[in-house]
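Here's the letter readout for the chains.
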Amino acid sequence: MPSPVIPFIDLKSQYEALKPRIQERINAVLEHGQYIMGPEVKELEAKLQDYTGSKHCITVSSGTEALLISLMALGIGRGDEVITTAFTFAATAEVIALVGATPVFVDVEADTGNIDVTLVEQAITPRTKAIMPVSLYGQPADMDELNAIAARHGNLPVIEDAAQSFGADYKGRKSCNLSSIGCTSFFPSKPLGCYGDGGAIFTNDDAIAKACREIRVHGQERRYVHTRVGVGGRMDTLQCAIVLAKLERFEWEVEQRLALGALYNRMLDEAGISRVQQRADRTSVFAQYSVFVENRDQVQAALSECGVPTAVHYPIPLNEQPAYKDMSVVGDTPVTRKLAQKVMSLPMSPDLDEATMALIVKTLVASTK
Ligand SMILES: *Cc1c(COP(=O)(O)O)cnc(C)c1O
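In what follows, the accompanying structure is described.

What counts as what
Residues numbered from 1 in each chain as written. Predicted model: local features only at pLDDT ≥ 70, side-chain atom pairs only at ≥ 80, totals over all residues. Heavy atoms only, no water. Near = heavy atom within 4 Å. Polar contact = N/O pair within 3.5 Å; in protein donor to acceptor, adjacent residues only side chain to side chain. Areas by Shrake-Rupley, 256 points an atom, 1.4 Å probe, with all protein chains shown as cover. 1 Å grid on protein atoms, 1.4 Å probe; cavity = no way out; pocket = protein on both sides within 12 Å on 5 of 7 lines; lining within 4 Å. Sits in = over half its atoms within 2 Å of the grid points. Helix = DSSP H or I, 4+ residues; strand = E, 2+ residues; numbered from the N terminus. Nonpolar A, V, L, I, M, F, W, Y, C, P; charged D, E, K, R; others polar. Pairing = 2+ DSSP bridges. Points joined across faces, edges and corners; volume = space filled by probe spheres on them. Buried < 20%, exposed > 50% of the residue type's maximum accessible area, 1.4 Å probe, protein only.

### Digging into the site of the ligand
Logical step 1: Neighbouring the ligand are 16 residues; Gly63, Thr64, Asp161, Ser185 and Lys190 lie closest to it.
Logical step 2: In the environment of the ligand, a nitrogen atom lies 2.8 Å from a nitrogen or oxygen atom belonging to the side chain of aspartate 161.
Logical step 3: One nitrogen or oxygen atom from the side chain of serine 185 is found 2.6 Å from an oxygen atom belonging to the ligand.
Logical step 4: Burial of the ligand by the protein amounts to 93% of the accessible area it has alone, namely 380 Å².
Logical step 5: Taking a 2 Å distance to the grid points as the criterion, the majority of the atoms of the ligand fall inside the largest pocket.
Logical step 6: Mapped onto the shell around the ligand, the elements with two or more residues apiece are α3 (63-73) and α4 (91-98).
Logical step 7: Partitioning the shell around the ligand into residue classes produces 6 nonpolar, 8 polar and 2 charged.

What follows is the structure in structure tokens.
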């Protein structure tokens, strides 16, 4: 099989465009030498607060750690239930299990893959302590409806797993600032990535922010005074410096993603290929661009032969994974099962060009014949 000529996610072009700024930023850290909690950490947190409109931003060592620390800050643990979906990356359910709580999987919308808000209320029990929707593929879930449901049930916290949706808009507000807590990831392939692991927690609640800041550094209120059990969850100064450099081009990248996503939509609709839909009041940043295909294995192999890389987000619902199938309380999730069988992601990056996209779509059409 020839190696792919088209990158699935083009981090190289991005680096070429930002090279001098990234190198300046890295050098500045090497010169001042504050590798842990250096000035770039605060600088990034302030910039991300401005960007999202959120009162607090707490950078952490990964998106997974952001979710974990959020649950710890809310005091969620043994005997508690957290409502989420099974059509997501394992980290979403993993953190719920790690604090000793039970993930309760609710089915998803057939057209977006996001949590089906019409099924949430019936999943709430006296043990429910939070709702954790995923803003899948870069498109926020219906957060206002979830917030309304949460308000009706004793103000349950709503934690947005915004690992894929940093930069997306929802009814004029920014993803990560749509509910009690928003968590994002700076994993390299996410819309805003660093060159390693990183993540951030966003909240407008002072007490939650304080708890997250303390848990991030081993539950310290001040040095060597440990008021709660925490983790080693800081984001490296170097990684914060890299995100700062990348932020300089981020708005352009978001605009590109929107334009390229719309172009893919048009090309695929013309070709009669079904795809994940965007709701009019939610703007996806297209962290992934996903279509629906039958005979996915054959289609992927045919595309790969032609140098078009693809991926599957996600092939196995979490409630069918060996690690989670016994511990989870579930209703049936037929839509999740169906989507897991037929979803497939196409190459997507801000530096993708129209000619390459046309080639990808043409090859896809030929592969599905
Ligand atoms: C990537 C991702 C995470 C985890 O982020 P990391 O930074 O890799 O730990 C969590 N949830 C979703 C939906 C993700 O896509």
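### Here's the deal with the sheet that holds strand β3 (residues 102-106)
Logical step 1: Taking strand neighbours across the sheet as the criterion, the 4 strands line up as β4-β2-β3-β14 in an open arrangement whose pairing is parallel. A strand with exactly one partner marks an edge of an open sheet, and here the two such strands are β4 (128-131) and β14 (329-330).
Logical step 2: Bridging between strand β2 (residues 81-85) and β3 involves 5 bridges; their strand directions are parallel. Within β3, the position partnered with threonine 85 by the bridge is valine 106.

### Observations concerning the layout of surface pockets
Logical step 1: There is about 420 Å³ of room inside the largest pocket.
Logical step 2: Together, 23 residues line the largest pocket, and Phe89, Ala163, Ser185, Phe187 and Lys190 are the ones closest to its centre.
Logical step 3: At the level of secondary structure, the elements contributing two or more residues to the lining of the largest pocket comprise α3 and α4.
Logical step 4: Counting residues per element, the lining of the largest pocket draws most heavily on α3, which supplies 3 residues.
Logical step 5: A breakdown of the residues in the lining of the largest pocket according to their chemical character gives 9 nonpolar, 11 polar and 3 charged.

### Some points on the pairing of β3
Logical step 1: Most of β3 sits out of view: 4 of its 5 residues are buried.
Logical step 2: With 2 bridges joining them, β3 and β14 adopt parallel strand pairing. Bridge pairing in β14 places valine 104 opposite valine 329.

Read these as spatial facts, not as claims about activity.
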